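# Chain and residue survey
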Amino acid sequence: MMPAMVMFVAPHLVHLSRVDVVIVAFYFALVLGIGFYLRGRSNTGEDFFMAGREMTAWVAGLSFLSANLGALELMGWAGSAYQYGILATHWYWIGAIPAMLFLALVMMPFYYISKTHSVPGYLKLRFGEPARAVSAVSFAFMTVLMSGVNMFAMAKVMQIVLGWDLNFSIWISSLTVAIYVALGGLRSAIFNEVLQFFLIWAGALLIPILGLYESGGWTNLKAQITARAGPGYVHLWSGLGHFNTNPMGIHWTGIVFGLGAVISMGYWTTDFLVVQRILAAKDLRSAEMAPIIGAGFKMLVPFIVILPGLLGLAVLPMKLTGEAAAAITGGHSYNDVLPLMLARYCGPGLLGLGVTALIAGFMSGMAGNVSAFTTVWTYDIYRPLFNKDASDAHYVSMGRWTTIVGVLISVGTAYLVMQFASIMDYVQALFSFFIAPLFGTVLLGMLWKRASGWGGFWGLLCGTLSSIGMWAWVKVDPTALRYVALSPDAKALAQDMYQALWSFLVCVIVTVVVSMATQPKSDAELTGLVYGLTPVPSVQNIPLYKKPVFWAGVVGVVFVVLNIIFW
Amino acid sequence: MVSIWFFIGISLAVNGGLILAAGIYQLVNPPENPNIVLFNLHANVWWGAILLLIGAFYCFKFAPGKRA
């Protein structure tokens, strides 16, 4: 989404006035202030790593969403909306909402009742140490690398948007995150993520409001985009009957089964970066409501991300291009559309708030990575493999130091990417290898009590290796895409969808076959971990409007209606 | 413990106040070349005022020592 080398040449897009600088500086002061304020409230492992398990549904839900709402996400998907039209909305609706509701209603009871600290921790309880080791090591490794890649990408964006020095951006943001997470642990990360959520909306919401005013409303905007780019840019589903009848080169089966059923399920239900926020909820009902609240707001995010990209198609005087073409011509790339729209409408003060929203997005993503890495390292790698019997205070101290070390490794990765840009693409690809198979393993673990420890381990390993194998196959022989993605017309995004689908199926098949050939755990060992053996507290005595299933139904209906409206 | 919503109130109120002040300054001393589209709508005035009001409400409602 954000190839590295291309941003060196463009001049910076916006100039900050004094009031803008004050707004940005105030943001840094406030997040650090929150970290210092919370430092005395993170003295136990439960406080530092799980935020005391006392978050309300709203705080956990907004934090859950905010950890995913990074600025690369904002800018990247706004650019994708300019490039592919309204199809980019699929990553916010079918690519998120069903998975969030599934997490809330089906999977959260097992995560929450098991009292696990992490997703690898659940795998330990359900499948044993080997499955946890594979999951924990791969997650910790990839999380800290992804954090570094995002850090570098952020520094490049700050350079292109504001003209800031790369080293300044990297160090100021990483030190700020290191300080407030090391001081206040997960509680500090969550508090700041909720704050960042509000800042992102406050800073970005004006663009679609003023853009719709300028373009004459949604109907006029659609007419302008159709005239300029084609009808495929304003319909969600009607162009997905074939690979070559939509700008994304994807078939509806890839969107529904690859994105909706596997990739999004894998990300939203098993990526510890987001699940950790829900585990900090104060009770099971809050833990179930949190993803539903997150889903409600997730449906609105296209308003501040996709719509600015579509507005850019209609109102920007220049034609944006891909990164490579922009580097050659000195013009603007798709990824510049959000800053360009910001500069188009926002004067002094508003510009500062918009830039603060971008910085807040970067830092919330980085803090999410660092706090998740710290927990997995301490509880799922350090404690079981290096020091089983240390005191709680020792693990908290380890968590604080791991936060610092994790940030430093991320900084190192950022500088490595600066030297070798292709690392960025590899790291982003590597991260996708683990998500789909992990979903298969966790899902079978929760819903099928016959799944054995070795079944879970070999399923996870084979699914991951198959994903790597398919990626390498297409890398070596690009024509192999016709086999992996089922069509010679398929493009890179379609490959991701089908690669996830196949690796998920490999994981499931291997898990089933190995489980049938090996000894399962006893029912007593699986109590609280598996469907049918987990006593879920009854919600019959609370009114309908307080039940998670009611609100999941409301969100589900709105989701269906939105897809029909924009069909 | 101070509520998270109080911190959000502070953030919105301070940012809203700064944006509103910048907008009023531009209203009184309009720049020759505003360099932005729809300058005539003075978005920083009304958007700053909205943020200031929401922030003030949160600060009041979730002030330390007061039960929400």
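Residues numbered from 1 in each chain as written. Chains lettered and ligands numbered in written order. Predicted model: local features only at pLDDT ≥ 70, side-chain atom pairs only at ≥ 80, totals over all residues.

## Focus: the overall build of chain B
Which entries qualify depends on this criterion: Every helix listed is a DSSP run of H or I at least four residues long, and every strand listed is a run of E at least two residues long, numbered separately from the N terminus. With C-beta atoms placed from the backbone, a residue is buried if 20 or more other C-beta atoms are within 10 Å of its own, exposed if 12 or fewer are, and partly exposed between those counts. We call two residues in contact when their backbone-placed C-beta atoms lie within 7 Å.
Scanning chain B from terminus to terminus reveals two helices and zero strands. When its C-alpha atoms are laid out on the principal axes, chain B stretches across 50 × 15 × 15 Å. Burial analysis of chain B (68 residues in total) assigns 38% to the buried set. Partitioning the contacts of chain B with sequence separation of at least 6, the portion at a separation of at least 24 is 82%.

## Some thoughts on the overall build of chain A
Stated precisely, the cut-off is as follows: Values of the radius of gyration come from C-alpha atoms, whereas the globule rule sets the reference at 2.2 Å times the count of residues to the power 0.38.
When helices and strands are counted, chain A shows 24 helices and zero strands. What you see for chain A is a C-alpha radius of gyration of 23 Å, in line with the 24 Å of a compact globule of 567 residues. With respect to the principal axes defined by its C-alpha atoms, chain A has extents near 65 × 55 × 55 Å. Relative to its 567 residues, chain A shows a buried fraction of 57%. The long-range fraction of contacts in chain A, counting pairs at least 24 apart against all pairs at least 6 apart in sequence, stands at 84%.

## Here's the deal with the environment of Ala57 of chain A
All names here are of chain A. One can find Ala57 in helix α3 (residues 57-66). Looking at Ala57, the number of C-beta atoms within 10 Å reads 23, which means it is buried. Between the C-alpha atom of Ala57 and that of Lys282, which follows or precedes it by 225 residues, the distance is 7.9 Å. Not counting chain neighbours up to four residues away, the residues in contact with Ala57 comprise Ala281, Ser286, Met289, Ala290 and Ile293.

## Examining the interface of chain A and chain B
Rule in force here: We call Asp, Glu, Lys and Arg charged. Ala, Val, Leu, Ile, Met, Phe, Trp, Tyr, Cys and Pro are nonpolar, and the rest, Gly among them, are polar.
Contacts between the two partners involve 27 residues from chain A and, on the opposite side, 24 residues from chain B. Residue composition of the side of chain A that touches chain B, grouped by class: 22 nonpolar, two polar and three charged.

## Quick word on unusual backbone geometry
Where the residue is not glycine, phi is negative for most of them; where a peptide bond is considered, it is trans in most cases. Non-glycine residue Lys115 of chain A carries a positive phi angle of around 55 degrees. As for its position among the elements, Lys115 of chain A is in the loop between α5 (97-113) and α6 (119-127).

## Some remarks on the environment of Phe243 of chain A
All names here are of chain A. As for its placement among the helices and strands, Phe243 is situated in the loop between α10 (218-228) and α11 (252-270). Judged by the 19 C-beta atoms lying within 10 Å of it, Phe243 falls in the partly exposed class. Put simply, Phe243 and Ala490 are 247 residues apart on the chain and 6.3 Å apart in space, counted from C-alpha to C-alpha. Excluding anything up to four places from it in sequence, Phe243 contacts Gly249, Ile250, His251, Ser487, Asp489 and Ala490.

## Here we look at the packing of helix α9 (residues 206-215) of chain A against helix α16 (residues 337-345) of chain A
All names here are of chain A. Worth spelling out the cut-off: The convention used is that axes are lines fitted to C-alpha atoms, helices contributing only their stretch in contact, and that angles between N-to-C directions extend from 0 to 180 degrees. Convention used here: angles under 35 degrees read as roughly parallel, angles over 145 as roughly antiparallel, angles from 65 to 115 as roughly perpendicular, and any remaining angle as oblique. Crossings are classed by handedness, with left-handed meaning an anticlockwise turn of the near helix from the far one by less than a right angle and right-handed meaning a clockwise turn.
At their nearest, the axes of α9 and α16 sit 10 Å apart, and the two run at 70 degrees to each other. One element, α9, and the other, α16, form an angle in the roughly perpendicular class. Taken as a pair, α9 and α16 cross one another with a handedness that is left-handed. Across from Leu206, Ile207, Leu210 and Gly211 in α9, the residues of α16 making contact are Met341, Leu342 and Tyr345. The class makeup of the residues in the contact of α9 with α16 is six nonpolar, one polar and no charged.

## Notes on α3 of chain A
Across the 10 residues of α3 of chain A, nine count as buried, placing the element largely inside the fold. Restricting attention to buried positions, one finds in α3 of chain A the residues Ala57, Val59, Ala60, Gly61, Leu62, Ser63, Phe64, Leu65 and Ser66 of chain A. Looking at the packing, one finds that the buried side of α3 of chain A touches α8 (166-204), α12 (272-279), α13 (284-298) and α17 (350-385) of chain A together with α1 (4-28) of chain B.

## Digging into the confidence of the model for chain B
Heads up, the rule is: pLDDT expresses how confident the predictor is about each individual residue, on a scale running from 0 to 100.
For chain B, the mean per-residue pLDDT works out to 90, and 96% of the residues sit at or above 70. Both confidence scores are given for the complex: pTM 0.87, ipTM 0.94.

## Remarks on the environment of Val405 of chain A
One can find Val405 of chain A in helix α18 (residues 392-419). Each C-alpha atom of the pair Val405 of chain A and Val144 of chain A lies 9.9 Å from the other, and the pair is 261 residues apart in sequence.

## Some words on the packing of helix α14 (residues 306-315) of chain A against α16 of chain A
All names here are of chain A. Orientation of α14 relative to α16, taken along the N-to-C sense of each, is 75 degrees, at an axis distance of 9 Å. Taken together, α14 and α16 sit at an angle that is classed as roughly perpendicular. Residue-level inspection shows Pro308, Gly309, Leu311 and Gly312 of α14 in contact with α16, the latter providing Val337, Leu338, Leu340 and Met341. Grouping the constituent residues of the contact of α14 with α16 by class yields six nonpolar, two polar and no charged.

## Considerations on the confidence of the model for chain A
All names here are of chain A. Averaged over chain A, the pLDDT score is 86; the fraction of residues at 70 or greater is 95%. Ranking the elements of chain A by mean pLDDT puts helix α19 (residues 422-447) last with 78 and helix α24 (residues 548-565) first with 95. Counting interchain partners and residues more than four positions distant, the pLDDT-below-50 stretch residues 1-10 has 28 contacts.

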